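Spelled out from the first residue to the last, the chains are:
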Amino acid sequence: METFLAALFSGTSRGAIYALVALGLVIVWRGAGIVNFAQMGQAMFSTYIASTMITNGYSYWLGFIVAILVGAAMGALLDILVMRPLSNKKKTELLSSDSMRAAVPVIASLGILGVLQALAGIIWAAEERGFPAPYPQEGFTVANNVMPFTSFDVFVISIVLATLLATTLFFKKTGVGLAMRATALNAEVARLSGIRTNFTRSLSWGFSGAASSLAGLLITPTSNLSPNTLDLVLIIGFTAAVVGGLDSPAGSVIGGFLVGMVISFVSFYDTPEDVFLSILSVLLLVLIIRPRGIFGAKDARRV
Amino acid sequence: MRAVSKVKQHSIARKSLRRTLFFIVLILLAGSTFDAYNQAQLALVLILFIGVLSVTLLTGISGQLSLGQGALMAVGGYCMALLITNKGYSIWVAIPLAIVGAAIAGLLLGISAARLSGPYLAGTTLVIALAIPTLSNRFMSVLKGDEGLPVDVGYPPNWFTKLFGEPSYEQWQLYVALPFAAIALFFASNILLSRTGRMWRAIRDNETAASLSGVNFSRQKIFVFVVSATFAGLSGALYGLRGLVGPSVYPVSLSLTLLTAAVLGGIRSIFGAFIGTVIVVFLPDWIEAVLGSFELSEQVSNFMPALISSLLLILTVVINPAGVAGTHLHKHK
């Protein structure tokens, strides 16, 4: 029973973070039709900036806010510098086919990931370092039993849920959100009806950058920080996004919690080493049974 | 009709053979002028060249982006190492059998991945690249976990030393890799020039149009994976022969290195694959030669090659997506 509770709680708080990572991937996928494999590289970079600020005596919250802003700015910048020129090159022969149009941005994002990791290694050295949590990471005591649930977990879950709610409201209720949804649906038509699609695309990248930086800030207190630590989080987030449906923000949340639970139960009841095999099985299972994910829209193929 | 196609096949084979012979002569000439360190580097180029060809065929020719070639290399490497250490086979028997093993893995991968495309395929293969090496800890007793299985190229047979004299260890590495690289080059060139290559390019350019013209694209997609896996498995087996077959030898970054090499050189051509491999293998040395006079700290110089190659990757994709060999693009189209 105790293991079960521990697995359940750890699955919930980890799942919340994976949901956030998946949300970041989904936003860029919807806004720009790209799966951004550099996403957690960006998060790693901005978390390092927060870490440097905090060790230099600034308050945790200042570092926290700066990291999220840096993440947003970096996302938008990457779109403007790399992805936008790439999408304007559609006329060239190499990008003339659908398959390559999907593959080339992935390659570019891997290049960005490589640059960010190498830069982080050059600036901050490759050793692992800890990252502080704003709230204590000791379990609550209920009737003299230490529960496997900390006030930091409460903080993580509530801030993630607040972010998810805010994102949903933003997409549903604001004009900019509507413009972004229109661009995701059909960029050509959106442009013709006066939406600045370049702007909304960069905005998606910025949002995604902020969300993933937040995920980086929330996960590093338990996983430590090094140029490569967040790679695994990206893989898990990708699985979560595919499980929920790459084009569905609500699906990404469900997918995040689901994958979080799977990972947590596998590592509590089996060994942590089997986590990747279990992720792979979940991913393959979903792709075979329901390739568009639990909440994914039915994709229509036009000839 | 038959006769015409036969003549054509001959001319294709002859063209591939000419390329292969040119390649062998070039490598032998370069190898004879290099010192021991660069000979070992050249052997590494040959080994990775085979792996990069697997990316070229899969991604460049048939348009399926895989980030999991390192996992297929690991399959090839482990198959070979198990046959050598447990069964006592020589490398000349173990390597072909390892290729068969990798081809079977490629078939399984192809069957499960053929319906995926673009980022879905990339992400799934990335997870596979991460998950496969962890199998070595799952089957500890056979695969020996993180320690891995030590193997090496061994010593040249007697007839070889009688004919050519005693080669150094680095030279022998080169001579073992060369015939395999030459065979890989020959096959890749044949595929690219033949009907199969045209079918794969048709699938890449437009699946619907391809299937309307009579290409069974789901079967061809699986076939691409099998062929690509044989190349990757061969490359992985030779890569393991450099000393060790273990999870640390086939990390995810290996898959990304292959992709980087293929893109830098030019993802659609064999020549590009070779140029890209040379760039990726020798880049650290070149950077050291340039930056050596600046007395940079270890922290900086360790990450310089990764930084430069990633920057080159981005620049190539954005500015010159056809890669170094891009001028050949129209000819090989």
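Everything numeric in this text was worked out from a predicted model, so none of it was measured.

Points about the overall build of chain A
Reasoning step 1: Counting its regular elements, chain A contains 11 helices and two strands.
Reasoning step 2: Over its C-alpha trace chain A gives a radius of gyration of 19 Å, about what one expects of a compact globule, namely 19 Å for 303 residues.
Reasoning step 3: For the C-alpha atoms alone, the extent of chain A along its principal axes is close to 65 × 45 × 35 Å.
Reasoning step 4: For chain A, the proportion of its 303 residues judged to be buried stands at 53%.

Description of the interface of chain B and chain A
Reasoning step 1: Facing 48 residues of chain B, the contacting portion of chain A comprises 52 residues.
Reasoning step 2: Taking both partners together, chain B and chain A bury about 4,300 Å²; carbon and sulfur atoms supply 77% of that area.
Reasoning step 3: For the chain B face of the interface with chain A, the top three residues by lost area are Pro119, Tyr120 and Phe303 of chain B, together amounting to 14%.
Reasoning step 4: Where chain B touches chain A, the interface holds one salt bridge.
Reasoning step 5: For Arg138 of chain B, the salt bridge is made with Asp274 of chain A, and the minimal N-O distance between the two is 3.0 Å.

Observations regarding the environment of Ala241 of chain A
Reasoning step 1: Tracing the chain through its elements places Ala241 of chain A in helix H9 (residues 230-244).
Reasoning step 2: As for Ala241 of chain A and Val253 of chain A, which are separated by 12 residues in sequence, their C-alpha atoms are 8.1 Å apart.

Notes on the side chain of Ser13 of chain A
All names here are of chain A.
Reasoning step 1: Residue placement: Ser13 occurs in helix H1 (residues 2-32).
Reasoning step 2: For Ser13, the side chain forms a polar contact with the side chain of Asp153, separated by 3.2 Å.
Reasoning step 3: Those residues in contact with Ser13 that lie beyond four places of it in its chain are Asp153, Val156 and Ile157.

Observations regarding the pattern of salt bridges
Residue and element names in this part refer to chain B.
Reasoning step 1: One pass over the structure, following the stated rule, counts five salt bridges over all chains.
Reasoning step 2: The partner of Arg204 in a salt bridge is Asp205, and the shortest N-O contact between them spans 3.1 Å.
Reasoning step 3: Two residues, Glu207 and Lys221, come together in a salt bridge whose shortest N-O distance is 2.9 Å. Taken together, the positions of Glu207 in helix H10 (residues 207-212) and Lys221 in helix H11 (residues 217-240) put the pair 14 residues apart, joining distant regions of the chain.

Here's the deal with the packing of helix H8 (residues 169-193) of chain B against H11 of chain B
Residue and element names in this part refer to chain B.
Reasoning step 1: Contact geometry for H8 and H11: axes closest at 11 Å, N-to-C directions at 170°. Between H8 and H11, the crossing angle belongs to the class labelled roughly antiparallel. Every residue of H11 that contacts H8 at Val176, Phe180, Ala184, Phe187, Ala188 and Ile191 is listed here: Val227, Phe231, Leu234 and Leu238.
Reasoning step 2: In terms of residue class, the contact of H8 with H11 is built from 10 nonpolar, no polar and no charged.

Observations concerning the confidence of the model for chain A
Reasoning step 1: Residues at a pLDDT of 70 or more form 93% of chain A, whose mean pLDDT is 86.
Reasoning step 2: Across chain A, the secondary-structure element scoring lowest on mean pLDDT is strand E1 (residues 139-142) of chain A, at 70, and the one scoring highest is helix H2 (residues 39-55) of chain A, at 93.

Observations regarding a nonpolar patch on the surface
Reasoning step 1: Taken together, the side chains of Met1, Phe4, Phe268 and Tyr269 of chain A define a hydrophobic patch exposed on the protein surface, amounting to about 470 Å² of accessible area.
Reasoning step 2: We classify Phe268 of chain A as partly exposed; its relative accessible area is 38%.

Focus: the packing of helix H12 (residues 252-265) of chain B against helix H13 (residues 270-291) of chain B
All names here are of chain B.
Reasoning step 1: Direction vectors running N to C along H12 and H13 enclose 120°, while the axes themselves pass 7 Å from each other. Taken together, the axis directions place H12 and H13 in an arrangement best described as oblique. H12 and H13 meet at a crossing whose hand is right-handed. Residues Thr257, Ala261, Leu264 and Gly265 of H12 pack against Gly272, Gly276, Thr277, Ile279 and Val280 of H13.
Reasoning step 2: Taken together, the residues that form the contact of H12 with H13 break down as four nonpolar, five polar and no charged.

Cut-off values and rules
- Residues numbered from 1 in each chain as written.
- Chains lettered and ligands numbered in written order.
- Predicted model: local features only at pLDDT ≥ 70, side-chain atom pairs only at ≥ 80, totals over all residues.
- Heavy atoms only, no water.
- Helix = DSSP H or I, 4+ residues; strand = E, 2+ residues; numbered from the N terminus.
- Rg over C-alpha atoms; globule rule 2.2 N^0.38 Å.
- Buried < 20%, exposed > 50% of the residue type's maximum accessible area, 1.4 Å probe, protein only.
- Contact = heavy atoms within 4.5 Å.
- Buried area = accessible area lost by both parts, 1.4 Å probe.
- Salt bridge = Lys/Arg side-chain N within 4 Å of Asp/Glu carboxyl O.
- Polar contact = N/O pair within 3.5 Å; in protein donor to acceptor, adjacent residues only side chain to side chain.
- Axes fitted to C-alpha atoms, helices over the stretch in contact; angles between N-to-C directions.
- Parallel < 35°, antiparallel > 145°, perpendicular 65-115°, else oblique.
- Nonpolar A, V, L, I, M, F, W, Y, C, P; charged D, E, K, R; others polar.
- pLDDT = per-residue confidence, 0-100.
- Patch = residues over 30% accessible without salt bridge, like charges linked within 9 Å, V, L, I, M, F, W, Y side chains within 5 Å.
- Areas by Shrake-Rupley, 256 points an atom, 1.4 Å probe, with all protein chains shown as cover.
- Left-handed = near helix turned anticlockwise from the far one by under 90°.

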